[in-house]
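Architecture and fold: a report
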Amino acid sequence: MERVERKACFGGWQEVWEHDSETLRSPMRFAVYLPPDVQDAPVLYWLSGLTCSEQNFITKAGAQRYAAEHGLIVVAPDTSPRGQGIADVDDWDLGTGAGFYVNATEAPWFSHYQMADYVLHELHALITAHFPTNGRRSITGHSMGGHGALVLALRNPGTFASVSAFSPIVAPSQVPWGHKAFGAYLGDDRSAWAGWDAVELVKTASERLPLLVDQGDADGFLEEQLRPELLEKACEATNHPLTLRMQPGYDHSYYFIASFIGDHIAWHAEALQR
């Protein structure tokens, strides 16, 4: 690994690292915030949304202040593989910057777009090997990344101490963003999509990991793409614990995330320290 950025921040360090990923077969960057006097700290993974890189979260969310207060390492990977030879299209919601945190099965995507395995296994192994963590982890994210956080937690019981999401795509099998991405990455067989859909996964979840979701009611994507009421209905039907907070006046931007990121980090810190 090579460190490409390091800035002092709230008594700790905001760093960005680059490495050659074996899983994605491409160079990857990820951000790491290290709180002051860090040793044996738990890790909170942040998954960003469409078009983002690791930079959006670390420069706009204001998470470092709260991570420093609670003694959490915060890791934010890029949203997809990038670079020469990586499959891509001239669309902002598919390909580069839009990996959807799935393991692609269809050509030409499957050669590089294995974001679920990257986050769960390769990235976590790197963080555990190279940073002063105790190995415990939680996960959160925004929009496409909120989908990723919910799905990775629901698919892998016992892996995360807690999970939360901002404005997540809760039912990609039922909305246009998901139709486009899943059709490309996973193929036309919609039965394969269910394994990457939080609403479907809640129905068969073996672990009752509480879900925290914040959603702005002025979000322009709310009715067509996000559909939080579908997750609420699925959780009610299965008695799965969900805290869904509809926030009046907030949109889909990082102004929204910055307003409530402190609540989410406190939620995860409590779970990680039990």
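The structure displayed is predicted, hence computed values, not measured ones.

Brief notes about helix 2 (residues 63–70)
For helix 2, the full list of buried residues reads Ala63, Gln64, Ala67 and Ala68. Within helix 2, the buried residues cover an arc of 130° as seen down the axis, which keeps them to one side. Summarising the contacts, the buried residues of helix 2 are in contact with strand 1 (2–9), strand 2 (12–21), strand 3 (26–34), helix 1 (54–60), strand 5 (73–77) and helix 9 (254–272).

Describing the packing of aromatic side chains
Taken as a whole and assessed by the stated rule, the structure comprises 14 aromatic pairs. Aromatic pair Trp46 and Phe166: ring centres 5.9 Å apart, planes at 55°, arrangement tilted. Placement of Trp46 in strand 4 (residues 41–47) and of Phe166 in strand 7 (residues 163–166) is noted, with a sequence separation of 120 residues between them. Phe166 matches Trp46 in its accessibility class, with the two residues each being buried. Sitting over the face of the ring of Trp13, Arg6 holds its NZ or CZ atom 3.7 Å from the ring centroid. Arg155 extends its terminal NZ or CZ atom over the ring of Trp196, reaching a point 3.6 Å from the ring centre.

Re unusual backbone geometry
In this structure, the amide linkage connecting Ala107 to the following residue, Pro108, adopts the cis form with an omega of -5°. In this structure, Pro108 sits in the loop between strand 5 and helix 3 (115–130). Phi angles above zero are rare outside glycine, and Ser143 is one such case at about 60°. Topologically, Ser143 is positioned in the loop between strand 6 (133–141) and helix 4 (144–155). A relative accessible area of 3% means that Ser143 is categorised as buried. Positive phi outside glycine occurs at Arg227, with the angle close to 55°.

Remarks on the packing of helix 2 against helix 9
Taken N-terminus to C-terminus, the directions of helix 2 and helix 9 make an angle of 30°; their axes are 9 Å apart at the nearest point. The orientation of helix 2 relative to helix 9 falls into the category roughly parallel. Considering only the axes of helix 2 and helix 9, their crossing is right-handed. Contacts from Ala63, Tyr66, Ala67 and His70 in helix 2 reach Ile261, Gly262, Ile265, Ala266 and Ala269 in helix 9. Tallied by class, the residues present in the contact of helix 2 with helix 9 amount to seven nonpolar, two polar and no charged.

Thresholds, definitions, all that
- Residues numbered from 1 in each chain as written.
- Predicted model: local features only at pLDDT ≥ 70, side-chain atom pairs only at ≥ 80, totals over all residues.
- Heavy atoms only, no water.
- Buried < 20%, exposed > 50% of the residue type's maximum accessible area, 1.4 Å probe, protein only.
- Helix = DSSP H or I, 4+ residues; strand = E, 2+ residues; numbered from the N terminus.
- Arc of directions from axis to C-beta.
- Contact = heavy atoms within 4.5 Å.
- Phe/Tyr/Trp six-rings, centres within 6.5 Å; stacked < 30°, edge-to-face > 60°.
- Lys NZ or Arg CZ within 6 Å of the ring centre and 35° of its normal.
- Axes fitted to C-alpha atoms, helices over the stretch in contact; angles between N-to-C directions.
- Parallel < 35°, antiparallel > 145°, perpendicular 65-115°, else oblique.
- Left-handed = near helix turned anticlockwise from the far one by under 90°.
- Nonpolar A, V, L, I, M, F, W, Y, C, P; charged D, E, K, R; others polar.

What is shown is where atoms sit, not what they do.
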